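Analysis of the macromolecular model
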Amino acid sequence: MTVLVTGATGSVGRHVVAQLVDAGVPVRALTRNPEAAGLPPQVEVLAGDLTRPESVREALRGVEKLYLFPVPETAAEVAAAAAEAGVRHIVVLSSSSVLDESGDNHSGEHHRTVEKAVEASGVDWTFVRGDEYATNVLWKWGHSIRTEGVVRAPYGNAPRVLVHEKDIAAVAAAALLEDGHAGRAYVLTGPEAITQADQVEAIGAALGRTIPFEEITPDQAREQMGRFMPAPVVEMVLGYLADAVENPPVPVDTVERVTGRPALTFAQWAVDHAGDFAPQEQDRSAA
C-alpha cells in the first residue's frame, strides 16, 4: 500500500509522513520544493503543487490512499484525479470550523468546499477536523516573545482547547493505516481548556522564565493584528475569543478514542516548540 501525502512539509503533514514511515508503509510525498523537504530518506519525494492539479496526476499513480491538504480552488479536480487513478481512501485535513454554517466563517467555507469535493468524488473519505491549533500562538505571540519577552492580547481569561499538531497527524495516520474510519468526521481538541494567560505561563515554564501577559482592548488588538492578517480573519479570531469567555469550549476525547493514548497537553506543546520562541535572525533584522 502506497500513501501519497500532500502538504508533506507542513506542520501536520510532516508528522503524518513520519508516523507512516514508522509504521513501515511506503510513502510518497508531494511538495513544491523537494530539495528543501528534509523528509526521511525512505520517502519518495516528488515535485508538485495542489494549485496545479496536472502536477498531481503523476504522483497519484499506484497510490491506494491519499492524505489531502485543503486547497479549495482545485479540490474537485484533485479528488477526481485521485478517483481516476484508483485511490481507495482520501483522508482530508479539515477543520472544526465547517460546523459553523452561518456563512460568515471564512475558514469554514474554505474547508467545507474541500470536503464536498471529496464526497462528490465517490472515493471513501475521512475528515480530520482539528479545532484551534496550538501552533496558532506562534504567529500570534512568537514575535513579541522573541523580541520583547512579553505577550499583549485581549481576553486573557478566554479558554481554548488547543490541539497539538502531532495529535492531528496521529488521527490522520490511524485513518490511513487502519480499517473502520471511512465515512467518519473526527473533531479534534486538546485534552483541556486553558486560558490565554495560562498558555503564556506554560510557554514561560518551557523557556525557564516568566513571560508577562498584558491585557489590551479588542480595538487595540484589531489594530495590532490587522497589520499582518486579513480583516475577516481578525474579526473571526476576536469573535471566538469573546465567545469563549461566555461559553467556554469543552474538550472532546477523539484523539484518545482513535489513537488509544491521551491527547497531548498544551504544556507539552510548549516544550516541543520552545526553540521557536528563541530570538531568530528575521526578528533581529526586522528590529
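Just above, that's the structure.
Report on the accompanying structure. Here the structure is a predicted model, which means the values were calculated and not measured. (Residues numbered from 1 in each chain as written. Predicted model: local features only at pLDDT ≥ 70, side-chain atom pairs only at ≥ 80, totals over all residues. Heavy atoms only, no water.)

So, on to the pattern of salt bridges. Tallied over the full model, the rule gives 16 salt bridges. Its salt-bridge partner being arginine 222, residue aspartate 219 comes within 2.6 Å of it at the nearest N-O pair. Of this pair, aspartate 219 and arginine 222 both sit in helix α8 (residues 218-225), 3 residues apart, which is roughly one turn of that helix. Via salt bridges that share partners, Glu132, Lys140 and Arg160 belong to a single interconnected network. (Salt bridge = Lys/Arg side-chain N within 4 Å of Asp/Glu carboxyl O. Helix = DSSP H or I, 4+ residues; strand = E, 2+ residues; numbered from the N terminus.)

On to the environment of alanine 205, then. Inspection of the secondary structure puts alanine 205 in helix α7 (residues 196-207). Given the relative accessible area of 63%, alanine 205 is considered exposed. (Buried < 20%, exposed > 50% of the residue type's maximum accessible area, 1.4 Å probe, protein only.)

Taken N-terminus to C-terminus, the directions of helix α5 (residues 136-148) and α7 make an angle of 55°; their axes are 13 Å apart at the nearest point. Here α5 lies oblique to α7, going by the angle between them. As for the relative orientation of α5 and α7, their crossing is right-handed in sense. The segment α5 lies against α7, with Val137, Lys140, Trp141 and Ile145 engaging Gln196, Gln199, Val200, Ile203 and Leu207. Per-class residue counts for the contact of α5 with α7 are 6 nonpolar, 2 polar and 1 charged. (Axes fitted to C-alpha atoms, helices over the stretch in contact; angles between N-to-C directions. Parallel < 35°, antiparallel > 145°, perpendicular 65-115°, else oblique. Left-handed = near helix turned anticlockwise from the far one by under 90°. Contact = heavy atoms within 4.5 Å. Nonpolar A, V, L, I, M, F, W, Y, C, P; charged D, E, K, R; others polar.)

This brings us to the sheet that holds strand β6 (residues 124-130). Here 7 strands make up an open sheet; going across it, the order is β3-β2-β1-β4-β5-β6-β9 and the pairing parallel. Either end of the sheet is taken by a strand with one partner, and the two such strands are β3 (44-47) and β9 (184-188). Averaged over all pairs of adjacent strands, the angle between strand axes in this sheet comes to 20°, irrespective of strand direction. Direction of pairing for strand β1 (residues 3-5) relative to strand β4 (residues 65-68): parallel, over a ladder of 3 bridges. The residue of β4 that forms the bridge with valine 5 is tyrosine 67. (Pairing = 2+ DSSP bridges.)

In this structure, histidine 273 sits in the loop between α11 (266-272) and α12 (281-286). Judged by its relative accessible area of 12%, histidine 273 is buried. Histidine 273 has contacts with Thr135, Leu138 and Glu165, leaving out every residue within four places of it along the chain.

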